[in-house]
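Residue-level structural notes
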There are 4 protein chains.
Amino acid sequence: MAQQARKRPNDVLRDSEWTKAQLLDAARLEFSEKGLSGARVNDIAARASVNKQMLYYYFGDKEGLYCAVLNHAYEGIRARENELDLAALAPVAAMERFIGFTFDYLTENRYFVALLNDENIHKARHILDSEHLQGLHERLQETIGDILTRGEREGVFRPNVDPIDLYISIASLCYFYYSNIHTLSAIFGRDLSDRSATHHRRQHVIDFVGAYLEK
Amino acid sequence: MAQQARKRPNDVLRDSEWTKAQLLDAARLEFSEKGLSGARVNDIAARASVNKQMLYYYFGDKEGLYCAVLNHAYEGIRARENELDLAALAPVAAMERFIGFTFDYLTENRYFVALLNDENIHKARHILDSEHLQGLHERLQETIGDILTRGEREGVFRPNVDPIDLYISIASLCYFYYSNIHTLSAIFGRDLSDRSATHHRRQHVIDFVGAYLEK
Amino acid sequence: MAQQARKRPNDVLRDSEWTKAQLLDAARLEFSEKGLSGARVNDIAARASVNKQMLYYYFGDKEGLYCAVLNHAYEGIRARENELDLAALAPVAAMERFIGFTFDYLTENRYFVALLNDENIHKARHILDSEHLQGLHERLQETIGDILTRGEREGVFRPNVDPIDLYISIASLCYFYYSNIHTLSAIFGRDLSDRSATHHRRQHVIDFVGAYLEK
Amino acid sequence: MAQQARKRPNDVLRDSEWTKAQLLDAARLEFSEKGLSGARVNDIAARASVNKQMLYYYFGDKEGLYCAVLNHAYEGIRARENELDLAALAPVAAMERFIGFTFDYLTENRYFVALLNDENIHKARHILDSEHLQGLHERLQETIGDILTRGEREGVFRPNVDPIDLYISIASLCYFYYSNIHTLSAIFGRDLSDRSATHHRRQHVIDFVGAYLEK
DNA sequence: AATGAATGAGTTTTCATTCAT
DNA sequence: TATGAATGAAAACTCATTCAT
């Protein structure tokens, strides 16, 4: 994720892999800062310390690179989610960990929010027909569904909660805060980015979802 | 909101107002579909059936037009909110009406979501320092604060809810659904745009917020 | 045909017409010298003393300009043909005038040969479906058919000559000499471009066709 | 001429010859389809199933390869001509065989026409100073001259026909049909490529030349 | 207040060629 | 002899903006 060393290593990665990784990394930043149409391939190549042509060689064109970045981003968050081992926790704890993770991931990976924002402007044109992505998210549904079922069985969660409804609500509460953080800060005249504000928000979201589930 | 009549009115004296309105209207669509950098001034002028130069005459440049569109959009939703007359309703009913309105407004004005999405990519650069907008939103805070206070006093709402926290949560639950509707539809393999899906979501949001407040 | 005056006149042509004419003229030269893929839009614009963007504004893209040039070229030769007034001449004289004109036109408009050469490399992709062009050539067929019919009736031409067969043969004998003049000059070690060589060729073609028709 | 076997032969020692042949073959196709400037070295290498760098190794650069292809092409047709053994035939039969061969060779080797077309756009720059080519064509002149002399002596051909004049006319009548087959088909609205059309043309050319010689 | 033509800097993309191994 | 990666110059095309009327 972090910017690699400037000079390519002669050992660890074969050069082409290094080049591709550099480009993906640079593109992720550029696209998240400026969106697809605002991004400049020149700038991506410069950020990646790579010849511009390599971008076309490996990714076809600007949009091809954009697609690759999006897929990579989704894989990143879902992979981290899968490491949470929620099945091993009691329902309430599992849910709290899931919500906390979701919030924290966005806190630390603000680019992800910006990327999805932009992709939605393009009506998700660049991830449509990605069976790969749908596969990733089936697993997500199962994970949440499993927590809900266990919670319901144990009497700690309300019954009949649809996992997708719930996921969208959790994502809403976490994601919107960051996706709209600049306009919200502007209209309310407060800086919502600082540590105390985000910490406050994190707790609010956990309480908010908890209230619904425990009802 | 709707596309204005194609031919300019006979009331010739108001030509300039007509031209400006045409441009704002066309720009709102164009910017919401393609974002600031994706939008084309040629296309805006064409959509407005107006000479391109008029855009520069009335709005200075592309970004000036973009600012005007944003302000216009915020004024639109806040003006409609102010017509709800929430102070006249009991707290629970007032809250439900507010949530319902928020959801419905976005359902009917999807462009607003796209516009804010894009403006957040630009870090709200175009609405910063707009005292006018901050003024609009102080009134919003008061409205919500008033409902909360009354609800708390009457024992139907939990105490000590911060109006801004709550507003952000309500907005999250309504807005995110639309802002991310395309990626959500893609990753879950369902069309979230159809009537039954949005209707279902609307109720879910009302329940979700209700559970928190009533707790 | 000839390069227009460098500065655009304020009177004769409206500016846009002047600009388009300049571009067509410059493009005709450039395309005939270098072919479609060898031509450079920069060079065309420079030759036309016109801003490069005008090319895109008026002709869409490089290929659009190429199509326009081709149509213009065909119109040019066919228009000149139609001025020959062949119907007023006796068959043998008419045929001689037609052959002489064809040869002379190519002598003076070598670009036309190069242009068609190149278009044939592209399998005539840029003039396909041009009903306009087919219309132009129906008239050509009629003109030749009329001469042949009259000649046959008067007993000076052999019977049953197909006008298209004959036209292709005449065109072959005139056109090939110019289309392949460089390779022919190279392999035979003679310069076929000089006046005496072309004059000699002109007579040869007239004799050649005459021998066939009179047979 | 025909596409070589896809896999290189086991006779490993001749790898370099195989590679060169593959490249020449692929280049011939590519250049005849797209011309020198339209051809892509990437595509040639891909068609040849050979590493792009080999092209530079064996032929210097794109133009070097183009020159090699042209020379190869001329050698091909002249070699086949020399196998005709025209000296053994009576003048009229020899001439018919020569014309028939010329037409048929182009029918079967359309690439040759396209190649010369393109080379003429470049003003034969790539075959100039090729003494080798001039040598090849001196023999051609002698062959035709010999047939004419014999025919004249036997009283079956008109006297004083210049072999180069005649050769150019024969080549014209055969070559132009193919070189311009696409534009001719387009402007006359007929497909001149089909078997019956080419067969008809072949006979027309033989008659046409015959009428001139026998006169 | 309005129009059509023009501009120039910038943007994506292409392509022949070379490098390093 | 052969390969995959890399390069840099140049190409087509775009676009916000301004000019002249």
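Residues numbered from 1 in each chain as written. Chains lettered and ligands numbered in written order. Predicted model: local features only at pLDDT ≥ 70, side-chain atom pairs only at ≥ 80, totals over all residues. Heavy atoms only, no water.

**Description of the interface of chain A and chain B**
On the side of chain B, 56 residues touch chain A, which itself brings 56 residues to the contact. Summed over both sides, the interface of chain A with chain B buries roughly 5,000 Å², with 65% coming from carbon and sulfur. At the boundary of chain A and chain B, one finds zero salt bridges. Our count for the chain A to chain B interface comes out at 18 residue pairs in polar contact (both at pLDDT 80 or more). Of all elements in the fold, only helix 1 (15-38), helix 6 (110-121), helix 7 (131-153), helix 8 (163-179), helix 9 (181-188) and helix 10 (195-214) of chain A reach the threshold of two or more residues within the side of chain A that touches chain B. Per-element tally for the side of chain A that touches chain B: the top contributor is helix 8 of chain A, with 13 residues. Broken down by class, the residue content of the side of chain A that touches chain B amounts to 26 nonpolar, 17 polar and 13 charged. (Contact = heavy atoms within 4.5 Å. Buried area = accessible area lost by both parts, 1.4 Å probe. Salt bridge = Lys/Arg side-chain N within 4 Å of Asp/Glu carboxyl O. Polar contact = N/O pair within 3.5 Å; in protein donor to acceptor, adjacent residues only side chain to side chain. Helix = DSSP H or I, 4+ residues; strand = E, 2+ residues; numbered from the N terminus. Nonpolar A, V, L, I, M, F, W, Y, C, P; charged D, E, K, R; others polar.)

**Overview of the relation of the copies chain A and chain B**
With an RMSD of 0.2 Å, chain A superimposes on chain B once it is rotated by 180° and translated 0.0 Å along the axis. Both copies are brought into coincidence by an operation consistent with a two-fold rotation axis. Among all C-alpha atoms of chain A, that of S172 of chain A lies closest to the rotation axis, at 2.6 Å. (Least-squares fit on C-alpha atoms with pLDDT ≥ 70 in both.)

**Considering helix 2 (residues 41-48) of chain C**
Residues and elements named next belong to chain C. Within helix 2 the residues assigned to the buried category are V41, I44, A45 and A48. Taken end-on, helix 2 shows its buried residues confined to a sector of 95°, consistent with a single buried face. The secondary structure elements touched by the buried residues of helix 2 are helix 1 (15-38), helix 3 (52-59) and helix 4 (62-82). Within two residues after helix 2, S49 carries a phi angle of roughly 55°, on the positive side. (Buried < 20%, exposed > 50% of the residue type's maximum accessible area, 1.4 Å probe, protein only. Arc of directions from axis to C-beta.)

**Some remarks on the packing of helix 5 (residues 91-108) of chain C against helix 6 (residues 110-121) of chain C**
All names here are of chain C. Relative orientation of the contacting elements helix 5 and helix 6 amounts to 90°, with a least axis distance of 4 Å. Taken together, the axis directions place helix 5 and helix 6 in an arrangement best described as roughly perpendicular. On helix 6, the residues touching Y105, L106, T107 and E108 of helix 5 are R110, Y111, F112 and V113. Classifying every residue of the contact of helix 5 with helix 6 gives five nonpolar, one polar and two charged. (Axes fitted to C-alpha atoms, helices over the stretch in contact; angles between N-to-C directions. Parallel < 35°, antiparallel > 145°, perpendicular 65-115°, else oblique.)

**Let's talk about the relation of the copies chain D and chain C**
Related by rotation about an axis and a shift along that axis, the two copies of the chain form a pair. Between chain D and chain C, which share one sequence, the superposing operator has a rotation angle of 180° and an axial displacement of 0.0 Å; the RMSD is 0.1 Å. Comparing interface residues between copies, 100% of those in chain D also lie at the interface in chain C; the contact surface is shared.

**With respect to the pattern of salt bridges**
The tally for this structure, following the rule as stated, stands at 44 salt bridges over all chains. For E83 of chain A, the salt bridge goes to R80 of chain A, with nearest N and O atoms at 3.9 Å. Residue E83 of chain A is classed as exposed on the basis of its relative accessible area, which comes to 58%. Owing to a relative accessible area of 38%, R80 of chain A belongs among the partly exposed residues under this scheme. We note a salt bridge from R47 of chain D to E30 of chain D, for which the minimum N-O separation is 2.7 Å. Taken together, the residues span a long stretch of sequence, with R47 of chain D in helix 2 (residues 41-48) and E30 of chain D in helix 1 (residues 15-38) at a distance of 17 residues. The network of salt bridges with shared partners includes E30, E33, K34, D43 and R47 of chain A.

**A word on the side chain of R78 of chain C**
Residues and elements named next belong to chain C. Along the polypeptide, R78 turns up in helix 4. Residue classification places R78 among the buried positions, given a relative accessible area of 3%. Not counting residues within four places of it along the chain, the set of residues in contact with R78 comprises L136, H137, L140 and Y167.

**Comments concerning the arrangement of the chains**
With no contact between them, chain B and chain C keep their nearest C-alpha atoms 12 Å apart. In this assembly chain B lies apart from chain D, the nearest approach of their C-alpha atoms being 33 Å.

**Observations regarding the packing of aromatic side chains**
Within the structure shown, the criterion is met by 52 aromatic pairs over all chains. Aromatic pair F31 of chain B and Y66 of chain B: ring centres 4.9 Å apart, planes at 80°, arrangement edge-to-face. Remark: Y66 of chain B occurs in helix 4 (residues 62-82) and F31 of chain B occurs in helix 1 (residues 15-38); sequence separation between them is 35 residues. What makes F31 of chain B buried here is its relative accessible area of 1%. Classification of Y66 of chain B as buried rests on a relative accessible area of 1%. Joined through ring pairs, the aromatic side chains of Y74, F101, Y105, Y111 and F112 of chain A make up one cluster. (Phe/Tyr/Trp six-rings, centres within 6.5 Å; stacked < 30°, edge-to-face > 60°.)

**Details of the nonpolar core**
One finds F31 and L166 of chain A together with F31 and L166 of chain B to be the most contacted residues of the largest nonpolar core, which totals 143 residues. Setting aside chain neighbours within four positions, we find F31 of chain B in contact with L36, A39, I44, K62, L65, Y66, V69 and L115 of chain B. Of all hydrophobic cores here, the second largest spans 142 residues; its members include I127 and F208 of chain C together with F31 and I168 of chain D. (Core = buried A, V, L, I, M, F, W, Y, C linked by side-chain atoms within 4.5 Å.)

**With respect to the interface of chain D and chain C**
With 56 residues of chain D in contact, the opposing surface of chain C contributes 56 residues. Across the chain D to chain C interface the summed buried area is about 4,900 Å²; carbon plus sulfur atoms make up 65%. Between chain D and chain C we count zero salt bridges in total. Viewed at the interface, chain C and chain D are joined by 17 residue pairs in polar contact (both at pLDDT 80 or more). Only helix 1, helix 6 (110-121), helix 7 (131-153), helix 8 (163-179), helix 9 (181-188) and helix 10 (195-214) of chain D provide two or more residues apiece to the side of chain D that touches chain C. Tallying contributions element by element places helix 8 of chain D first for the side of chain D that touches chain C, with 13 residues. Here the side of chain D that touches chain C is composed, by residue class, of 26 nonpolar, 17 polar and 13 charged.

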